[in-house]
Structure formats: structure tokens, C-alpha cells
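Single-letter residue listing:
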Amino acid sequence: MTDLPHVVVATDGACKGNPGIGGWGAILRIAGKERELMGAEAHTTNNRMELTAAVEALNALTKPCRVTLSTDSNYVRDGIMKWVHGWQKKGWRTAAGAAVKNVDLWQALIAATARHQVTWVWVKGHAGDPDNERADGLANAAIAARRAGVAT
């Protein structure tokens, strides 16, 4: 799979109130081209928006790729790299036996990653990382558009 095209993706989610109105943003770069994605939901959580950003970015890729995906969400990165396989084995239950939150999005993320070779990178949020700041800006722009009644 090393001969696959390489895509660099930066994602972020935001929520005004948690739960509250939320948005997500993603930047995709491949072969000198760039694409921005964003969306919003009227009532959601920050974790759902972080997951949605990753799912939507990966689903936007039309063919299998090597993907370097950065997120400021330990929940997303640790969930997909460390926890999700155990949750699946336990019938979508945590180690404590509680139901896993956001199962629909975890399942969507598993499906979205299946055809790609994804390297997950954590970046500190709101710390000056240019791509993270841009993805955050897209998420917040989606929230503003949703509040204004404009579709994103």
C-alpha cells in the first residue's frame, strides 16, 4: 500500500455548549491541491463533531490513500488506535461495562478507515498549529452559518 497517493488531513470539531450547536472542519491536501470541508448540527457534542470531521474527511477520498490525519482530540485518536477493538469485542461496552457513546460514529469511522492506510497524529489544540487553527476556523464558520440559517 506504499504506492498509494498520500493525503494530509487536518480535522477539528467545535461545540457552543456541550451539548449545543456544533460544527466540524477538515482540510485535505494531495498533490499540491487543497480542499476544505465543513458542516454543522443543531444539537450535538464536541466529541461527535471531532469524530464527524474525521469520518467526513476520510469519506471524501474517492480512492484508497495513505492518509496522515491530524486531530487535537485524544478521544478520536485513542479511540480508534486503542479502544475501539476492545469495545467491539465486548459488544460496544467499555471496560467498566457501560455502553460506548457515539457508537454510530465509531462504526462509521471504522468503515471510513477500512480502505485507507491511516496514520493518526495528535496536535495540541489552540496552540498555533496552522492546520489545526484553520480546521477550527472551518468548524466555527459552520456553526455561524448554521446559526444564520445558511447550509454548509
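Going by the structure above, here's the rest.
Residues numbered from 1 in each chain as written. Predicted model: local features only at pLDDT ≥ 70, side-chain atom pairs only at ≥ 80, totals over all residues. Heavy atoms only, no water.

**Focus: the packing of aromatic side chains**
In plain terms, the rule: Ring pairs shown here join Phe, Tyr and Trp side chains whose ring centres sit within 6.5 Å, with only the six-membered ring taken for Trp; geometry is labelled stacked below 30 degrees between planes, edge-to-face above 60, and tilted in between. Secondary structure elements are defined from DSSP: runs of H or I of at least 4 residues count as helices, runs of E of at least 2 residues count as strands, and each element is numbered from the N terminus. Burial status follows relative accessibility: with a 1.4 Å probe on protein chains alone, a residue under 20% of its type maximum counts as buried, one over 50% as exposed, and anything between as partly exposed.
Counting across every chain of the model gives three aromatic pairs. With centroids separated by 5.8 Å and ring planes inclined at 45°, the aromatic side chains of Trp83 and Trp87 adopt a geometry described as tilted. With Trp83 and Trp87 both in helix 2 (residues 74-89), this residue pair falls four residues apart, about one helical turn. Overall, Trp83 belongs to the partly exposed group, its relative accessible area being 35%. When its relative accessible area of 9% is taken as the criterion, Trp87 is described as buried. Both rings, one in Trp87 and one in Trp106, keep their centres 5.3 Å apart while their planes meet at 70°; by these two values the pair is edge-to-face. Placement of the pair is Trp87 in helix 2 and Trp106 in helix 3 (residues 103-113), with a sequence separation of 19 residues. Across the pair, Trp106 and Trp87 agree in class, each one buried. A connected cluster of aromatic rings, assembled from ring pairs, spans Tyr75, Trp83, Trp87 and Trp106.

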